[in-house]
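# Structure assessment
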Amino acid sequence: MQVLAVTPEIFPLIKTGGLADVAGALPVALAGQGVTTRTLIPGYPAVMSAFRKKKALYQYPGLQGGKAAIHAASVSGLDLFMLDAPHLFDRAGGPYGDATGADWPDNWRRFAALSQAGADIAGGAISGYAPDLVHVHDWQSAMTLAYMRYGMANTVPSVITVHNLAFQGQFAAAIFPELGLPASAMALDGVEYYGGVGFLKAGLQAASAITTVSPTYAQEIRTPAFGMGLDGLLNLRAGDLHGIVNGIDTEIWNPATDPHLVANYSLKSLKARKANRKAVEDRFNLVSDDSPIVCVVSRLTWQKGMDILAASLDDLVAAGSRLAVLGSGDQGLEGALLAGAARHRGRVGVVVGYDEALSHMMQGGCDAIVIPSRFEPCGLTQLYGLRYGCVPIVARTGGLADTVIDANEAAIAAGVATGFQLAPESAAALGHAIRRVISAHADPMVWTAIQKQGMKADVSWDRSAQKYVQLYKSLIAKGQPAE
Ligand SMILES: Nc1ncnc2c1ncn2[C@@H]1O[C@H](COP(=O)(O)OP(=O)(O)O[C@H]2O[C@H](CO)[C@@H](O)[C@H](O)[C@H]2O)[C@@H](O)[C@H]1O
């Protein structure tokens, strides 16, 4: 089976968050199950400069205002198509904005172009390549399905995965004439969204099936509280909506071989974690003692509950915990956390920035990782935590609720506990959870049992990749009715 994936990010080439991890790991997992994936990504500078050997397979004399070409290349087991469109993607800064973090004003044009190229490939633009199915991710590639629906590839089945409903790609109606879609597309069941154009909405409407990254989030987004304006549409399409929990790349995230750790270890050699713990203490200027180091590796945003964490710092330190925070995002939150570190020298350390290597070291050296999100489609850092014996402390929402078994008395007695759950959006619940963690940590038998049970959990892609394959097969068997 041949699948064309379209995504704005892919690890290891370009990553701002969990979407990149999934886009990079899923094709490898699917390959083991007879699915060949080729992934279309934008030709950002980091992408185009990664390959010496490129081959232009398709040329556009004009695509959203400039010349463009589709190239093919392979890296780390991934087969890629790259959309080389310098007027759209050859810019310093991040994939979505400039160095100050401000969004590019023409993001609609950039990701409409990516989507147009995706639909063109699906429709046969690359000679000899005809995918059986198209799989797109989030709003940045969602319009692929609209271009397919109103164009050549309207019989190719498709899947859209929602990694985060908060990001919708909503733009003014004035852009519509420049999208190159027929006038009939500007309709309630087309790309129209609250009077403007909705990229994610258009994809949700056109997809043969919709997936999101955990069963609980798939239910939550059908409610007004989590649906972010799309719950009505998601309820209409409930029969085509599936929750498939993310896995992780267990080669890249393997404490036994991870090159970013001072000391490698496994279930049988947990004591070796001490050397990593020492390295974390040094990096974050923490005092050395027996109290647990609780870490955070996160975008610093409201979604992730980082305001609740910042407001709870004094309480968490008073309870006896040490904290190591790595993150970047909202400047107000960065400031609040840095101020907390200044108030609690030696007990709270904060590194503002994005540091892949340090994130591995923290999972390998800290005792626990806290994820107090308000909503969390899946969450990956708790899965890395499970694999590394860095016990997850998670808000009971979305994929966090689906992947961590709370260490209540019954679960401890049954030997199934893998972490700690808390009620979302509550500083009191966070404080209570940290006190439970400190008390469990003080009992090495209990703590080691929780760590080991987490390390035994299956966080690989195996089962979830099977679910995607089953879904792909059922859609291909059904066929996509032409309009
Ligand atoms: N400062 C930093 N330095 C280094 N690494 C950092 C970092 N901040 C974050 N990371 C890394 O970025 C990734 C973030 O993954 P999350 O699952 O938390 O996702 P995110 O909210 O971006 O993604 C959305 O998509 C993913 C994938 O589907 C869903 O799991 C999630 O719920 C949804 O919100 C992890 O690999 C983490 O280690």
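As annotated in an unreviewed UniProt entry, the protein chain carries the name Glycogen synthase and is attributed to Mesorhizobium alhagi CCNWXJ12-2. Comment text from UniProt for the protein chain, heading Catalytic activity (unreviewed entry), reads "[(1->4)-alpha-D-glucosyl](n) + ADP-alpha-D-glucose = [(1->4)-alpha-D-glucosyl](n+1) + ADP + H(+)".

## Regarding the environment of D98
Tracing the backbone through its elements, the reader meets D98 in the loop between α3 (86–89) and α4 (107–122). Residue classification places D98 among the partly exposed residues on the basis of a relative accessible area of 29%. Apart from residues lying up to four places away in sequence, D98 is in contact with A92, G93 and W104.

## Some details on the environment of L179
Along the chain, L179 falls in the loop between β8 (170–171) and β9 (192–193). With 32 residues separating them in the primary sequence, L179 and Y147 have C-alpha atoms 9.2 Å apart. Aside from chain neighbours lying at most four places away, what touches L179 is Q64, W108, A112, Q116, M143, Y147, V197 and F199.

## Some points on the packing of helix α13 (residues 356–365) against helix α14 (residues 381–388)
α14 packs onto α13 with a crossing angle of 50 degrees between their chain directions and a minimal axis gap of 8 Å. Judged on the interaxial angle alone, α14 and α13 are oblique. Regarding α13 and α14, the two cross each other, and that crossing is right-handed. Only T381, Y384, G385 and Y388 of α14 make contact with α13, whose side of the interface consists of H360, Q363 and G364. Residue classes in the contact of α13 with α14 are distributed as 2 nonpolar, 5 polar and no charged.

## Here's the deal with the domain arrangement of the protein chain
One can read the domain layout of the protein chain as domain 1 (2–247 + 462–478) and domain 2 (270–456). Averaged C-alpha coordinates put domain 1 and domain 2 at centres separated by 33 Å. When domain 1 packs against domain 2, close to 1300 Å² is buried across both sides, 59% of that on carbon and sulfur atoms. In this structure, E356 and K15 form a salt bridge, with 3.4 Å as the shortest nitrogen-oxygen distance. At the boundary of domain 1 and domain 2, one finds 8 residue pairs in polar contact (both at pLDDT 80 or more). Elements with a minimum of two residues in the side of domain 1 that touches domain 2: α1 (18–31) and α7 (215–220). Residues belonging to the side of domain 1 that touches domain 2 are distributed by class as follows: 9 nonpolar, 8 polar and 3 charged.

## Focus: the UniProt feature "binding site: ADP-alpha-D-glucose" (unreviewed entry) in the protein chain
UniProt feature "binding site: ADP-alpha-D-glucose" (unreviewed entry): in the numbering of this structure it lies at K15. Tracing the sequence through the fold places K15 in the loop between β1 (2–6) and α1. By relative accessible area, which is 21% here, K15 ends up partly exposed. Of the polar contacts made by the side chain of K15, one reaches the side chain of D21; its length is 2.9 Å.

## Quick notes on the pairing of β1
Taken residue by residue, a regular strand's side chains alternate between the two faces of the sheet. Within β1, 4 of the 5 residues are buried, which leaves it mostly tucked inside the rest of the structure. Judged from the 5 bridges that link them, β1 and strand β2 (residues 36–42) form a sheet pairing that is parallel. The residue bridging L4 from the neighbouring strand is R38, located in β2. What joins β1 to β2 is α1, and the crossover it makes is right-handed. Where β1 meets strand β6 (residues 133–137), 4 bridges bridge the pair, whose relative direction is parallel. Note on β6: the bridge partner recorded for A5 is H135.

## A look at the site of the ligand
Not every one of the 29 residues close to the ligand is listed here, only the nearest: D21, H163, R299, E376 and G379. Here an oxygen atom of the ligand and a side-chain polar atom of E376 are 2.5 Å apart. Across the complex, the protein chains shield 96% of the 720 Å² of accessible surface that the ligand would expose by itself. Those elements that provide at least two residues to the shell around the ligand are α1, β13 (293–300), β14 (322–329), α13 and α14. Take the shell around the ligand: its biggest share by element is 4 residues, from α1. Of the residues in the shell around the ligand, the class split is 10 nonpolar, 12 polar and 7 charged. Mapped onto the domain boundaries, the shell around the ligand takes at least three residues apiece from domain 1 (2–247 + 462–478) and domain 2 (270–456).

Cut-offs and rules
- Residues numbered from 1 in each chain as written.
- Predicted model: local features only at pLDDT ≥ 70, side-chain atom pairs only at ≥ 80, totals over all residues.
- Heavy atoms only, no water.
- UniProt positions renumbered as here; feature names shortened; annotations may be inferred.
- Helix = DSSP H or I, 4+ residues; strand = E, 2+ residues; numbered from the N terminus.
- Buried < 20%, exposed > 50% of the residue type's maximum accessible area, 1.4 Å probe, protein only.
- Contact = heavy atoms within 4.5 Å.
- Axes fitted to C-alpha atoms, helices over the stretch in contact; angles between N-to-C directions.
- Parallel < 35°, antiparallel > 145°, perpendicular 65-115°, else oblique.
- Left-handed = near helix turned anticlockwise from the far one by under 90°.
- Nonpolar A, V, L, I, M, F, W, Y, C, P; charged D, E, K, R; others polar.
- Domains from an automatic or database assignment.
- Buried area = accessible area lost by both parts, 1.4 Å probe.
- Salt bridge = Lys/Arg side-chain N within 4 Å of Asp/Glu carboxyl O.
- Polar contact = N/O pair within 3.5 Å; in protein donor to acceptor, adjacent residues only side chain to side chain.
- Pairing = 2+ DSSP bridges.
- Right-handed = clockwise from strand over helix to strand, strands pointing away.
- Near = heavy atom within 4 Å.
- Areas by Shrake-Rupley, 256 points an atom, 1.4 Å probe, with all protein chains shown as cover.

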